[in-house]
Amino acid sequence: MNKKANRRAFFVCMFICLMYVSVIMHLPEKMSFQRVSNDQEIIPANMNMSMQENTRQAVPKIVPVSTVQTEQTARAELPAVNKKISHSAPGDDCIEPSLFMSLPLVCFAIKERLIEKEGLIPAGKSSGSAVSWKKPIDILHDKDEEGLKNISKTIGAKHMVVFLKQEGILLKEGLSAEEIMLGRGYVLEKKKLLLLYNSIVSDKYNRLFPFAVNGTGIVGRNGIFEFTSMKDKAKKQNTAEDEGWLMPNLVNLPIKIALDKLIIHTAKIKIHGSGVVAEQSPKPFERTSGETECIIYGKTQKQQNGEK
C-alpha cells in the first residue's frame, strides 16, 4: 500500500514539474498552430519586444485596390484651392468691368434717388487748383474717376451689392465702394454686364454712347447693347469721311423733313426759327465730308408773307 501511494505521488510530482518546465520554455506557443496569410510575415515568438516592433513596422500595410482608386478619384475631384484668379482679356467671356460698371450703377442710383440727376458732385480738379463740380451724367461722359469715387461714397457699397445681387451678379466679399464703382478687383461675364445695361440703362442716356474704355466700347441699338471694337468703328468712320457726301437742297422743305435728310450724314445740326427752310449752310449740292456742322434757318408762313 505504501509502495502504490509513493508511486502515485511520484507521478503527480513529475507531471507538475513538466507543466512548470513547459510554461517556462513557452512550449504551448511553439506547439500551437496559427493560420497565416501569404502576404504576412511570420514573427518568431522567441524574439524580444524591440525586434518584434521593428519587424511589424517593416511589414507593409496592404490596402485594397478599390480603396486606392477611390482616394485617387476623390483627389481628382477636389477643387483647386488658393488658385489665383486672373483677369481675362477682352476677347474672353469674362472681363474686369472697369468703368463699364459705373454707367449702370449711376443709372441705378438716379432711379432710386440715391443721387440727384441734376445735382452737382465734386469731381476732378480743373486747370487751376479749385475742385470742379459736375452733374452725374457729365461725370460719366468725361469718365471722371474722382467724380465716380465721390458718387460711390454717396451710394455706399451695401446698396450696390444688393442691387447687383438682384440682377444676378454676385461679387466677392471685401470690395470697397470705389472698387465696385470703378470695376476693379473682380471679373464679370460679358453677357451679365450687357444684361445689366439692358435692365437699367434707358434711352435718356443715349448721348453717352458709344461708351468706350481702352479701345473697347458698348453701343446700344434698338434697346439692345453689345460690345464693339472702337478701332473698327474708327476705321469705318474714316472711310465714310473719305468718301464724302453732297449737301441736299433743303429750301422750302418743312424743317422736320429737312432734319430727316441731314441726320443720315451728320448729327451736328443747328436750327434757327421754325416752319419751312429759307436758308441753309452749307449750300445745296455742296460736297462735304464727315460730321459737318449744318445750319438751318426756318421761317413761318406769316414771316414769308410779311416780307412779300
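Data block above holds the structure.
Calculation rules
Position numbers for residues count from 1 along each chain, tracking the sequence in the order it is written. With pLDDT at 70 or above as the cut-off, local features in this predicted model cover only qualifying residues; side-chain atom pairs require 80 or more to be listed or tallied, and sums for whole chains, interfaces and linings still use all residues. Note that water and hydrogens are dropped before the side-chain values are worked out from all heavy atoms of the structure. Secondary structure counts use DSSP, requiring at least four H or I residues in a row for a helix and at least two E residues in a row for a strand, with both numbered from the N terminus. Think of it in three bands: residues with accessible area under 20% of the maximum for their type are buried, residues over 50% are exposed, and the middle band is partly exposed, with areas taken using a 1.4 Å probe on protein chains only. Here, residues are in contact when the closest pair of their heavy atoms is within 4.5 Å. All accessibility values rest on the Shrake-Rupley procedure with a 1.4 Å probe; residue burial counts only the protein chains present in the view. Put simply, two rings from Phe, Tyr or Trp (the six-membered ring, in Trp's case) pair if the centres are within 6.5 Å, and we call them stacked under 30 degrees between planes, edge-to-face over 60, tilted for the rest. Two conditions define a charge sitting above a ring: the NZ of Lys or the CZ of Arg must be within 6 Å of the ring centre, and it must be within 35 degrees of the ring normal. Salt bridge, as used here: a side-chain nitrogen of Lys or Arg that lies within 4 Å of a carboxyl oxygen of Asp or Glu. Polar contacts, as counted here, are pairs of nitrogen or oxygen atoms within 3.5 Å of one another; within protein the pair requires one atom able to donate a hydrogen and one able to accept it, and residues that are adjacent in sequence qualify only if both atoms are side-chain atoms. Within this analysis, patches are made of residues with over 30% relative accessible area and no salt bridge. Like charges are joined at 9 Å or less; nonpolar side chains (Val, Leu, Ile, Met, Phe, Trp, Tyr) at 5 Å or less. What counts as an axis is a line fitted to C-alpha atoms, over the stretch in contact for a helix, and the angles between N-to-C directions run from 0 to 180 degrees. Should an angle lie under 35 degrees it is considered roughly parallel, over 145 roughly antiparallel, and from 65 to 115 roughly perpendicular; all remaining angles are considered oblique. By the definition used in this description, the sense in which the near helix is turned from the far one sets the handedness, with an anticlockwise turn below a right angle giving left-handed and a clockwise turn giving right-handed. Side-chain classes are defined by residue name, with Ala, Val, Leu, Ile, Met, Phe, Trp, Tyr, Cys and Pro counting as nonpolar, Asp, Glu, Lys and Arg as charged, and the others, Gly among them, as polar.

## Some points on the overall build of the chain
Helices and strands together make up the secondary structure of the chain, namely 13 helices and 12 strands. Put simply, the chain has 308 residues, and 28% of those count as buried. In the chain, 58% of the contacts between residues at least 6 apart in sequence involve partners at least 24 apart. As displayed, the chain offers around 22,200 Å² of accessible surface, 54% of which is attributable to carbon and sulfur atoms.

## Details of unusual backbone geometry
Backbone torsion omega between phenylalanine 209 and proline 210 reads 0°, so that peptide bond is classified as cis. Cis geometry marks the peptide bond from serine 281 to proline 282; its omega dihedral reads 0°. Unusually for a residue other than glycine, asparagine 214 sits at a positive phi of about 55°. On the secondary structure map, asparagine 214 appears in the loop between strand S5 (211–213) and strand S6 (216–221).

## Things to note about the packing of aromatic side chains
Tallied over the entire structure, the rule returns seven aromatic pairs. Note on tyrosine 197 and phenylalanine 209: the rings are 6.3 Å apart at their centroids and 70° apart in plane angle, and the pair reads as edge-to-face. Of the two residues, tyrosine 197 sits in helix H10 (residues 190–200) while phenylalanine 209 sits in the loop between H10 and S5, which places them 12 residues apart along the sequence. Both residues of the pair, tyrosine 197 and phenylalanine 209, belong to the buried class. Members of the aromatic cluster, connected to one another through ring pairs, are Phe100, Phe211 and Phe227. Above the face of the tyrosine 205 ring, lysine 117 is positioned so that its terminal group lies 5.7 Å from the ring centre. The ring of phenylalanine 211 has lysine 143 lying over it, and the distance from NZ or CZ to the ring centre is 4.5 Å.

## Thoughts on the pattern of salt bridges
Inspection of every chain in the model, using the stated rule, returns seven salt bridges. Between aspartate 138 and arginine 207 there is a salt bridge, and its shortest N-O distance comes to 3.0 Å. Here the residue aspartate 138 occupies a position in helix H6 (residues 136–142), and arginine 207 occupies one in the loop between H10 and S5, the gap between them amounting to 69 residues. Among the residues examined, aspartate 138 registers a relative accessible area of 30% and is labelled partly exposed. On the basis of relative accessible area, arginine 207 is assigned to the exposed category, the value being 51%. In this structure, the salt-bridge partner of glutamate 145 is arginine 184, at a minimum N-O distance of 2.8 Å. Of this pair, glutamate 145 sits in helix H7 (residues 145–155) while arginine 184 sits in the loop between helix H9 (177–182) and strand S4 (188–189); the two residues are 39 residues apart in sequence, bridging distant segments of the chain. Classification of glutamate 145 as partly exposed rests on a relative accessible area of 30%. By relative accessible area, which is 37% here, arginine 184 ends up partly exposed. Look at the salt bridges and you will find they share partners, linking Lys134, Asp142 and Asp144 into a network.

## Description of the side chain of threonine 288
Among the secondary structure elements, threonine 288 is positioned in strand S11 (residues 287–288). What makes threonine 288 buried here is its relative accessible area of 13%. Within the local environment of threonine 288, its side chain forms a polar contact with the side chain of threonine 292, the two groups lying 2.4 Å apart. The contact partners of threonine 288, leaving out residues within four places of it in the chain, are Gly244 and Trp245.

## Observations concerning a nonpolar patch on the surface
The grouping of Val12, Phe15, Ile16, Met19, Tyr20, Val21, Ile24 and Met25 at the surface amounts to a nonpolar patch, some 840 Å² of accessible area in total. Within the fold, isoleucine 16 resides in helix H1 (residues 2–24). On the accessibility criterion, isoleucine 16 (41% relative accessible area) is partly exposed.

## Focus on helix H5 (residues 102–111)
When you tally the buried positions in H5, you get nine out of 10 residues, the bulk of the element. Among all positions in H5, only Ser102, Leu103, Pro104, Leu105, Val106, Cys107, Phe108, Ala109 and Ile110 are buried. Against H6, H7, helix H8 (157–166), H9, H10 and S5 lie the buried residues of H5. Arginine 113 sits one or two positions beyond H5 and adopts a positive phi of about 60°.

## Section: the packing of H5 against H10
Closest axis-to-axis distance for the H5/H10 pair is 10 Å, and the angle between their directions is 30°. Judged on the interaxial angle alone, H10 and H5 are roughly parallel. The interaxial crossing formed by H5 with H10 has left-handed handedness. On the side of H5, the interface is formed by Leu103, Pro104, Cys107, Phe108 and Lys111, while H10 contributes Leu196, Tyr197 and Ile200. Across the contact of H5 with H10, the residue classes break down as seven nonpolar, no polar and one charged.

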